[in-house]
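# Structural description and commentary
Letter by letter, the chains look like this.
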Amino acid sequence: DRGTTLSRYRYPTGNSGGPSHLSCFEKDLTSASWTFNVEGVRLKKTLRLGWRSNVAAVSYVVHSDHPVTLNLRPYIMLRDFHHRLEDLDTSRFNVSHEGRRVVVEAEGSAVTLCCDAGVYLCDAHVTAPVDYHISRSREATPTFGEPLWSPGIFSIPCAAGTTQCTVSIALSPDEPDLSLAMRTDRREHLERVYSSSAAVLGSAAYVESLRPLIDAADDFLVTRRIAGSELMTVIAGYPWFADWGRDTMISMPGLMLTTGRLAEARSCLMAFAQHVSEGMIPNCFDDAGKVHYNTVDASLWYLEAVRAYAEASRERLPVDGPLLRAAREIVQGYEAGTRFGICVDAADGLVKAGDANTQLTWMDALRNGIAFTPRYGKCVEINALWCNGLRSLADLVEFDDPPLSAELRGKSDRAAKSFNESFVRPDGLGLYDRLQPDGSGVAGQWVPIAEIRPNQLFATSLRHGPLEARHQRAVVDVCRQHLLTPVGMRTLAAEDASYRGRFKGDMMQRDAAYHNGTVWPWLIGPYCEALLRAEGFSQQARDEVAGALSQLLAHMGRGGCLGQIAEVYDGDEPRDQEGCTAQAWSVAEVLRISSMLLGAQ
């Protein structure tokens, strides 16, 4: 008897595990399939994931002109996805089985597998260390991988003709589901989302044009259990990120409001409202459920998300209700002063935060004690968000509390006046990126930093952005000339001495480039909205925006994670796709602006 291995691994020696017999790959909304052809045998393997459950099923269809045996060997590691088990101790695994049902436990986690055909054979196996070559390129190490462990084999005899079988796997407490291929819950759910999207956009034809983005958006929406309730949140990116406060608030309008998912948007806002502390919403919840507060902008993006939700839902939010109570706590916390030196400067009403050793804005790369983009003091987008948030909250509380509304509007006007006096560059090149302490130790002495970065766009793109109309075109023009690419915005002008055009190398090199030239697709959102607002939503501006979105939309159908938009691209040509292969705010902003274009038409 001869055997053929269809699995392929990369080993440090270069051995890939044999030739590839793959002849076809297919993907649709709920499944991915691989077809193999080997000496008169055709095998189609189809992977399906459970909807809102930690369950998967792999179905096999074998067409053969002679009897064969299909041996399926699952490799199971049961480890944190950020870690590796280089020195694998197989005693960490505890295996039990009954018939074709197998349970593997390790360090408090358990996975269950079952098969609907053949027999299960106890046959533990450990591979040679497998080389994770993409990760190795980031770690400045000659080897990067781990051995893989398998508890045994599902062996299925296949007569001449056609044989079908399925293996399902589930992470505890979920259970395997061998009928997953028959389930239609995800499709039915998306049909409801299409209907709610049509109600927002006013046309089923518009929804049809946006379906790839609507489908992609759904992949990021998950639930988190808080105080016994299931509340909606957003996975920032696959495969590495959890739910982050900043990413969730920026993504919420595109992922949820554009598609009419108002109840889920409210649930999302409630999830973070329950964790406001000293005027801050969490930046992230770690895998152990611990809450981390280490950002200056997530709370300000919360204010913008509440404004957008109230507008989309037409719900009059009570001033003492949970959402506006959280919003008021944020404003009060910033005015009183909170963590990391975040506070409002009494001298001008602008927000200042951090020092040379903190990374509190979205440009937050920090490794081995090195802050690669040290943005502290008074940052341009932070103060645009602050002015926008004050004005938004003033509008939202006006019905219930007119005095508070007037007070907030006055603070917003004062901060906006200071903003225009402090951030507008006299050379016509848009706005300063930030004002930093001059180093003299004398309070109130600030030095403007004249880096050309996309952060200035928010002063024009936000609904209540502080920038005077006469300066808005200059911001759009400088960003178009120095930062715009076909796949998003560079994070720093190429002419700057700190510019890095390649997001390559080890993690130190990548972090150095992360916000110093690397292109971020999500920034196409504020660029396009700033352009539309600066040009009064003219037809010429709408045409330019449509062109700016076209390349990103084309990328969804080729390379990387099919049907998604990546986290980042190189600043220089040929602009390789890098970082997370699917990023929530990349999809959200393209969907939001695409929807805005349809509305503008």
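Scroll up for the structure.
Quick summary incoming for the structure in this document. (Residues numbered from 1 in each chain as written. Predicted model: local features only at pLDDT ≥ 70, side-chain atom pairs only at ≥ 80, totals over all residues. Heavy atoms only, no water.)

Taking 1.5 Å per residue as the helical rise, helix α6 (residues 298–313) with its 16 residues ought to reach 22 Å, and the 22 Å between its terminal C-alpha atoms agrees with that figure. In terms of burial, α6 is a largely internal element, 13 of the 16 residues being buried. Where α6 ends, the next residue or the one after it, Arg314, has phi of about 60 degrees, a positive value. (Helix = DSSP H or I, 4+ residues; strand = E, 2+ residues; numbered from the N terminus. Expected span 1.5 Å × (residues − 1). Buried < 20%, exposed > 50% of the residue type's maximum accessible area, 1.4 Å probe, protein only.)

This part takes up the packing of aromatic side chains. Going through the model one piece at a time under the given rule, you end up with 16 aromatic pairs. Plain terms: the ring middles of Tyr334 and Trp386 are 6.0 Å apart, the flat faces sit at 15 degrees to each other, and that makes the pair stacked. With Tyr334 in helix α7 (residues 322–336) and Trp386 in helix α8 (residues 380–397), this residue pair connects regions lying 52 residues apart in the sequence. On the accessibility criterion, Trp386 (2% relative accessible area) is buried. Measuring from centroid to centroid gives 4.9 Å for Tyr514 and Trp520, while their planes differ by 55 degrees, and the two rings are tilted. No difference in accessibility class separates Tyr514 from Trp520, as the two residues are buried. Members of the aromatic cluster, each reached through a chain of ring pairs, are Trp301, Trp362, Phe458, Phe503, Tyr514, Trp520, Trp522 and Trp585. (Phe/Tyr/Trp six-rings, centres within 6.5 Å; stacked < 30°, edge-to-face > 60°.)

Along the chain, Ser594 turns up in helix α15 (residues 584–600). Under the relative-accessibility criterion, Ser594 is labelled buried at 8%.

With that settled, consider the environment of Pro454. By the secondary structure assignment, Pro454 is in the loop between β25 (446–449) and α10 (458–461). When the C-alpha atoms of Pro454 and Val476 are compared, they prove to be 9.5 Å apart, with 22 residues separating the residues in sequence.

Looking now at the sheet that holds strand β9 (residues 119–126). Spatially, 3 strands are ordered β5-β12-β9 in an open sheet, and the strand pairing comes out antiparallel. Looking along the sheet, the strands with just one partner apiece sit at the ends: β5 (68–72) and β9. Neighbour to neighbour, the strand axes of the sheet diverge by 30 degrees on average, direction disregarded. For β5 and strand β12 (residues 149–158), the ladder comprises 5 bridges, and the chain directions are antiparallel. Bridged to Val68 within β12 is Cys158. (Pairing = 2+ DSSP bridges. Axes fitted to C-alpha atoms, helices over the stretch in contact; angles between N-to-C directions.)

Moving on, we come to the side chain of Ser267. Summarising the element assignment, Ser267 is placed in helix α5 (residues 262–273). Among all residues touching Ser267, those that are not within four sequence positions of it are Glu230, Leu231 and Met232. (Contact = heavy atoms within 4.5 Å.)

Per the counting criterion, the structure on display carries 0 disulfides. Cys165 carries a free sulfur, and the closest cysteine sulfur to it, the one in Cys115, is 5.2 Å from it. Owing to a relative accessible area of 3%, Cys165 belongs among the buried residues under this scheme. For the unlinked cysteine Cys561, the closest cysteine sulfur is that of Cys580, found at 10 Å. With a relative accessible area of 28%, Cys561 lands in the partly exposed category. (Disulfide = S-S within 2.5 Å.)

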